[in-house]
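Residue-level listing of the chains:
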2 protein chains.
Amino acid sequence: MVKIIVDAMGGDNAPAAIVEGCVTALNADKDLYLILAGRQEDVTAELGKYSYDKTRIEIMDCRDTIGMNDIPTEAIKRKEASLVKAFWALKKEDDIAALVTAGSTGATIAGGQIILGRIKGVKRAALCPAIPNSRGGYTLLCDCGANAECKPEMLCQFGVLASAYAEAGFGIKNPKVGLLNNGTEEHKGDPLRQTTYKLMKDMGVINFAGNVEGRDIMLGDIDVAVADGFSGNIALKSMEGCGKLVLNVMKKEFGATLRTKIGYLFMKPAIKNMRSQLDFDAVGGALLLGLKKVVVKSHGSSKPRTIAASIANAASIYRNNLVGRVEELLSGVDWQNLVPRED
Amino acid sequence: MVKIIVDAMGGDNAPAAIVEGCVTALNADKDLYLILAGRQEDVTAELGKYSYDKTRIEIMDCRDTIGMNDIPTEAIKRKEASLVKAFWALKKEDDIAALVTAGSTGATIAGGQIILGRIKGVKRAALCPAIPNSRGGYTLLCDCGANAECKPEMLCQFGVLASAYAEAGFGIKNPKVGLLNNGTEEHKGDPLRQTTYKLMKDMGVINFAGNVEGRDIMLGDIDVAVADGFSGNIALKSMEGCGKLVLNVMKKEFGATLRTKIGYLFMKPAIKNMRSQLDFDAVGGALLLGLKKVVVKSHGSSKPRTIAASIANAASIYRNNLVGRVEELLSGVDWQNLVPRED
């Protein structure tokens, strides 16, 4: 039985969408046990709408909720907040495997680093979403927001963390890791990228494929793209914006005339396939990598199916021993003495 | 008559696609005069395929060509190279208004800064493509590759340069300028963004709209997004990659079955509209802003219509006095004493 704690009060559509997603996940996986952290009466009322196995769900009553505009480092001191109580339970209870939240990204990062804590040797936790790619799979983009400023060793560790996720989450053996840069040649980029390139080339524990460009996240043959949190965030949101624009234009154009409306009837299954291949939420959320347990940050605007996918993803990577694999890969590098070899 | 010099040997499809694009542009604009810099016999052979007004075209014979892998600062010393000869002519001949090339980006930037030279007071030239946006117009992304490392004053100037382009190129009055960041709140980002925000807020000559995120480039209500060349490049290529993936998936899905093929016949005009709204090449290329004359860098893989669009764009912004407008806006700021005001 995998026990996962869910922040029932986090996100734009909480608690309704969160609770519905929990029930969906529970009904889909007979080996799942859920703890819903949230206001008892609200969560109970939402749960009352569905039928599910009552022996595999419990409510942890929390009287407070963190908003999207609260200051993260302040917010995680509020002991009655659902996210804070969930993080403390995750830290203290050995049998809780993972946490899922659609709440404030900043508070999730703060809670992860301050309450739960990082795996020994990990310098910083990193946010890692899975971006749909042209091979019908996913490219992991790490970091994409937790660390606006990075040092070369941090980028090297992001490569390790995301490699472990590619293995545990998607069954990819020896995942190919690219360094997100403004060109593919070895000398490209700023000093951060130039030093990181040299370190990654010699690190050994990852399958380094060299520099990659923004287009390679969705079109290339890499499994992992390593970025500082600033440019990774910009890459992610630029792609999301483009994807959204495409769907908006498609909707407008395909409903424009009688002719296109008729065409749409023929095209419906194809368009459905297309949308699912471009679904940035298919995996359900971004992993907060480098922590002692599995933490999944779902979109603030998560719908029930996104929450269900996030929970299923959390359970799956726990079962595949993500944290153990991170520790194993990390131990293969002497992080104290990581210096670029002069050629 | 607007006289433009075109690097006939630059780009993957040179000289054939370049020459064809030149003829298209010439036939569309009776007030255009073109100088084609390239190997005389090759350009003549290509020109022989078309009919056009021979009094408005001339060839400048150049015996050398710069490749995509040549080192830019070395390449621009090669006096017989078409791009180098074109830059020297642009610098020396008062009546040449602009240069268009699909050749090496690095060599174009080097030639622009070293041979042609910057407008007085401009710290660095910046590459500025026009990205299709959800309002059916374009958002200018400046810089997107010329400067991997930037200082706050450079970003402020990019805002000025691109504002002038928005006015001269697209007739936008008082264009809205956003600072590309990893969040919209004032305090967001790294020290570079935090300082730049404070400077831009007080600069006066631009219409500063605050921080914007990656998605706002295509979905927001800004006309200009200011970025360092590193993250701007990643944003641009991430969006291009997403757009390309969409078109690939659409092509595959819409041709998958008899049903979808029938649907496609109905949908054809809508899909054509959709493609044109997502066309990153519609404007023809990126402007290299901050130079003494108009320089347009077209995609390396430019097709004839892209070259024709680049030439038309170059002629249009010359007629609308881009360089004069840059000078005017620049003079409104005391660049020597630009320091953030402490609140």
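Note that this is a predicted model, so its numbers are computed, not measured.

> When you look at the overall build of chain A in this model, what are you seeing that I'm missing?
Helices and strands together make up the secondary structure of chain A, namely 12 helices and 12 strands. Relative to a compact globule of 343 residues, whose C-alpha radius of gyration would be 20 Å, chain A shows 21 Å and is just as compact. Its C-alpha atoms put chain A at 65 × 60 × 35 Å along the principal axes. Here chain A holds 343 residues, and 58% of them are scored as buried. Sequence-distant contacts in chain A: of pairs separated by 6 or more residues, those separated by 24 or more amount to 72%. Carbon and sulfur atoms make up 49% of the accessible area of chain A, which totals about 13,600 Å². Taken together, the 43 basic and 40 acidic charged side chains of chain A have centroids lying 4 Å from each other.

> Any chance you could explain the pairing of strand β8 (residues 176–180) of chain B here in plain terms?
Successive residues of a regular strand alternate their side chains across the two faces of the sheet. Residue and element names in this part refer to chain B. Burial analysis of β8 places 4 of its 5 residues in the buried class, the great majority of the element. Sheet topology places β8 next to strand β9 (residues 207–212); 4 bridges connect them, and they run parallel. Each bridged residue has a counterpart across the sheet, and for V177 the counterpart in β9 is F208. Of the pairings in the sheet, the one linking β8 to strand β10 (residues 224–226) comprises 3 bridges and is parallel in character.

> What's the story with the sheet that holds strand β11 (residues 286–289) of chain B in this structure? I'm lost.
Where strands meet in a sheet, backbone hydrogen bonds hold them as pairs that are either parallel or antiparallel. All names here are of chain B. Reading across the sheet, the 7 strands line up as β3-β2-β1-β4-β12-β11-β5 and stay open at both edges, with mixed pairing between neighbours. Two strands lie at the open edges of the sheet, namely β3 (57–61) and β5 (126–128), each paired on one side alone. Along the sheet, successive strands turn relative to each other by an average axial angle of 25°, direction set aside. Judged from the 5 bridges that link them, strand β2 (residues 32–38) and β3 form a sheet pairing that is parallel. Counterpart to L34 in the pairing with β3 is I57. With respect to the sheet, helix α4 (residues 82–92) is in contact with β1 (2–7), β2, β3, β4 (96–101) and β12 (294–297), its orientation differing from that of β4 by roughly 160°.

> I tried to follow the environment of A:M274 on my own but got confused; where do I start?
Residues and elements named next belong to chain A. As for its placement among the helices and strands, M274 is situated in helix α10 (residues 258–277). Owing to a relative accessible area of 1%, M274 belongs among the buried residues under this scheme. Through-space distance from the C-alpha of M274 to that of L247 is 9.8 Å; in sequence the pair is 27 residues apart.

> Explain the packing of helix α6 (residues 152–170) of chain A against helix α11 (residues 304–319) of chain A to me, please; I cannot follow it from the model alone.
Two numbers describe a pair of packed helices, the interaxial angle and the distance between the axes. All names here are of chain A. It is the contact of α6 with α11, at a shortest axis distance of 8 Å, that shows an interaxial angle of 105°. By the angle class used here, α6 and α11 are roughly perpendicular. Contacts between α6 and α11 involve Y165, A168 and G169 on the former and, on the latter, N313, S316 and I317. Considered class by class, the residues forming the contact of α6 with α11 number 3 nonpolar, 3 polar and no charged.

> Can you walk me through the packing of aromatic side chains in this structure?
Given two aromatic rings, their pairing is described by the distance between the two centres and the angle made by the two planes. Per the counting criterion, the structure on display carries 8 aromatic pairs over all chains. Plain terms: the ring middles of A:F254 and B:F254 are 6.4 Å apart, the flat faces sit at 50° to each other, and that makes the pair tilted. Of this pair, A:F254 sits in helix α9 (residues 229–254) while B:F254 is found in helix α9 (residues 229–254), placing the two residues in two different chains. Residue class for A:F254 comes out buried when judged on its relative accessible area of 4%. Here a set of aromatic residues connected by ring pairs shows up, and it is made of A:Y138, A:Y165 and A:F170.

> What am I meant to see in the confidence of the model for chain A here?
A low pLDDT score tells you not to read the predicted coordinates there in detail. When pLDDT is averaged across chain A, the result is 94; 99% of the residues are at 70 or more. With a pTM of 0.93, the predicted complex shows an ipTM of 0.92.

> Help me out: how do you make sense of the pattern of salt bridges in this one?
One side chain can pair with another of opposite charge once the charged atoms of both are near each other. Counting across every chain of the model gives 46 salt bridges over all chains. Where B:R193 meets B:D190, a salt bridge forms, and the shortest distance between an N and an O atom there is 2.9 Å. Accessibility expressed as a relative area gives 11% for B:D190, which makes it buried. Linked through salt bridges whose partners overlap, the residues forming this network are A:E213, A:R215, B:K237 and B:E240.

About the thresholds
Residues numbered from 1 in each chain as written. Chains lettered and ligands numbered in written order. Predicted model: local features only at pLDDT ≥ 70, side-chain atom pairs only at ≥ 80, totals over all residues. Heavy atoms only, no water. Helix = DSSP H or I, 4+ residues; strand = E, 2+ residues; numbered from the N terminus. Rg over C-alpha atoms; globule rule 2.2 N^0.38 Å. Buried < 20%, exposed > 50% of the residue type's maximum accessible area, 1.4 Å probe, protein only. Contact = heavy atoms within 4.5 Å. Areas by Shrake-Rupley, 256 points an atom, 1.4 Å probe, with all protein chains shown as cover. Lys, Arg positive; Asp, Glu negative; His and termini not counted. Charge placed at Lys NZ, Arg CZ, Asp CG, Glu CD. Pairing = 2+ DSSP bridges. Axes fitted to C-alpha atoms, helices over the stretch in contact; angles between N-to-C directions. Parallel < 35°, antiparallel > 145°, perpendicular 65-115°, else oblique. Nonpolar A, V, L, I, M, F, W, Y, C, P; charged D, E, K, R; others polar. Phe/Tyr/Trp six-rings, centres within 6.5 Å; stacked < 30°, edge-to-face > 60°. pLDDT = per-residue confidence, 0-100. Salt bridge = Lys/Arg side-chain N within 4 Å of Asp/Glu carboxyl O.

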